[in-house]
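Letter by letter, the chains look like this.
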Amino acid sequence: MEASATVRSGRKRRRLGDMLIQAGVITEEQLSEALEYQRTQTRKIRLGTALVEKGITSESAIVRALKEQLNIDSVTLSGIKIPVEILNLVSDPALLKKYVMIPFELDAKNPRGLHVAMSDPMDIMAMDDLAIVTNMEVMPVISTNTDILSAIDRYYGGQETQMMAERFTRERREEEALQEKEEQTDVENAPIVILVKTLVEQAVRMRASDIHIEPMEEMIRVRYRIDGVLQEINRYHTSLLSALVARIKIIGGMDISEKRTPQDGRMTQVVDHMEYDIRISVLPTVYGEKIVLRLTSKQTLTREKKQLGFFDDDMKKFDRILTNPNGIILVTGPTGSGKSTTLYTALSELNKPDVNIITVEDPVEANIDGINQVQVNVKAGLTFASALRSILRQDPDIIMIGEIRDQETASIAVTASITGHLVVSTLHTNSAASSLTRLVDMGIEPYLLADSMVGVIAQRLVRKLCNCKKEYEPTEDDKEILGRLAPGQKIYRPCGCPECNEVGYRGRIGVYEILPVTSRIRRLVAKNASADEIQDEALAEGMSTLRMSATRLVLDGVTSVEELVRISYSNDDES
């Protein structure tokens, strides 16, 4: 860090744009384009942000250029645990967010030196303000905007939302004391507005899929579902509930006066240059209205096939199934098993200029360019079945049905597939083989089903072990679960580190059971064979069950035995 003082003294003469041009990261024309974009924005943004939002360069490219040009270190905060005594040097995280910086360690040689991760290590004002607050000598280290904001949320997120909650409670008491009835003039700066916005931002940066706001007898509990598991994030005073519910209902387009019946709504919010679609569910409980916000983004739903987690042999089966010009492809599994991601990935693969794709969904989870998407509206009489009848008159090549829920929808889907359309849909069943018998139970004739089905994909999601995982010798119970193991085979268990928030897992991966409907399977379905008979034939033809696929992931060190048990031991016959 010896170079930091030199860098600081010469920083006034150097501008970010000039250095990026000198480093060959951007051109003069691109700089002018970014500056113009920066001037036209209603919100105040930095040049680096403008360059990233315009797609001219990336955060990591800017960091590499500044590191070289300024001769200072860079840091990746996700792998570092910041000591409490460092965090306590700053009491108000708003200062850190304002300048996008965070202190993370003391200098080894200078007892007054404080290493600070900054997205703009040339910001003299930021360094001076932080030096005053901490009474330390600020020594800048460069990091990406996203990495710093994620760290601020990780370490100060609960404190920031708590401050907003306390500020709201304090302001409300003052208003009640003064009997003020005037509306707040600046809604954007209202504490409750900032609280809701911050809750969503924090959830996104912690990779949460859902936010649960739950009223209890003496407090409000906020939990995030991260990698499929709920984690408590914060608690607030119950006086906050009515304002919190009212704010979420307003932005979700719901009736704020109706408190006795469940309501559904929708909103969008941009976090770190990415737009998130947020589905809202409000449910009356004995202590007040509970709110669940489900976060989705187009980018996370439409992934590359290789990101889904298919093994090579499963990928080939998946590709072969998608090449069918007509028939039914089913994706099955319980809620939260990643069916929508697989469906949207398949549709993106099939989405070509010469193909007419129409979907019927409830709700539409992500808008995809080039695909005609229909939202079910039961009140208006637009059900899955009625929408499908209309769609068949729209000259479709491929039809996606969000879910086959009843005999009528199943019957239309089979008819559509037999008449030359490719139909893709989901079903709630435990295994691929049982999906075929479920449709027969719904009233579909076995011979029609045999003629229309081309493939079934059953899936689950397992949590991936973080890099902090620990190797261990399998126990007798592990061996019984995993079956025959190679001599000396080691497996891994979760440990816990700052990067995974001490949970031991980070991210999820799909586990698949892919059943291509071959001629032999077709004959079994036509004869109304049982799910066991169909599965036995599929296994003989090389299908891997969910348990077998999950076992491969355990042996590869991707996940743990506990995750294998959680997703596959609900069906003891899946051996």
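Residues numbered from 1 in each chain as written. Predicted model: local features only at pLDDT ≥ 70, side-chain atom pairs only at ≥ 80, totals over all residues. Heavy atoms only, no water.

Caption draft 1: Geometry of the packing of aromatic side chains. One pass over the structure, following the stated rule, counts two aromatic pairs. Put simply, the rings of Phe310, Phe318 and Tyr512 touch in pairs and so form one group of aromatic residues. Of note, arginine 463 hangs over the ring of tyrosine 505, and the distance from its end group to the ring centre comes to 4.0 Å. The ring of tyrosine 472 has arginine 493 lying over it, and the distance from NZ or CZ to the ring centre is 3.8 Å. (Phe/Tyr/Trp six-rings, centres within 6.5 Å; stacked < 30°, edge-to-face > 60°. Lys NZ or Arg CZ within 6 Å of the ring centre and 35° of its normal.)

Caption draft 2: Region of interest: the state of the cysteines. On inspection of all chains with the given rule, the structure shows zero disulfides. No disulfide involves cysteine 497; its sulfur sits 3.6 Å from the nearest other cysteine sulfur, which is in cysteine 466. Taking the relative accessible area as the measure of exposure, cysteine 497 reaches 15% and is therefore buried. (Disulfide = S-S within 2.5 Å. Buried < 20%, exposed > 50% of the residue type's maximum accessible area, 1.4 Å probe, protein only.)

Caption draft 3: Here's a closer look at the side chain of serine 143. For serine 143, the position within the fold is in the loop between β3 (137-142) and α9 (145-178). A polar side-chain atom of serine 143 sits 3.0 Å from the main-chain carbonyl oxygen of valine 75. Polar contacts involving the side chain of serine 143 include one to the side chain of aspartate 147, which spans 3.2 Å. Leaving out residues up to four positions away in the same chain, serine 143 has contacts with Val63, Val75, Leu77, Ala117, Met118, Ser119 and Ile148. (Helix = DSSP H or I, 4+ residues; strand = E, 2+ residues; numbered from the N terminus. Polar contact = N/O pair within 3.5 Å; in protein donor to acceptor, adjacent residues only side chain to side chain. Contact = heavy atoms within 4.5 Å.)

Caption draft 4: How the structure looks around the pattern of salt bridges. Counted according to the given criterion, the structure contains 28 salt bridges. Arginine 46 is the partner of aspartate 120 in a salt bridge, and the nearest nitrogen-oxygen pair spans 3.4 Å. Of this pair, aspartate 120 sits in the loop between β2 (113-118) and α8 (124-134) while arginine 46 is found in the loop between α3 (28-40) and α4 (47-53), placing the two residues 74 residues apart along the sequence. Accessibility expressed as a relative area gives 22% for aspartate 120, which makes it partly exposed. Exposure remark for arginine 46: the relative accessible area of 26% places this residue in the partly exposed category. The salt bridge involving arginine 205 is made with aspartate 272; its shortest N-O contact spans 2.8 Å. Here arginine 205 is found in helix α10 (residues 191-205), whereas its partner aspartate 272 is found in the loop between β7 (263-271) and β8 (274-285), with 67 residues between them in sequence. Overlapping salt bridges bring together Lys97, Asp153, Glu201, Arg205 and Asp272 as one network. (Salt bridge = Lys/Arg side-chain N within 4 Å of Asp/Glu carboxyl O.)

Keep in mind these numbers describe shape, not what the thing actually does.
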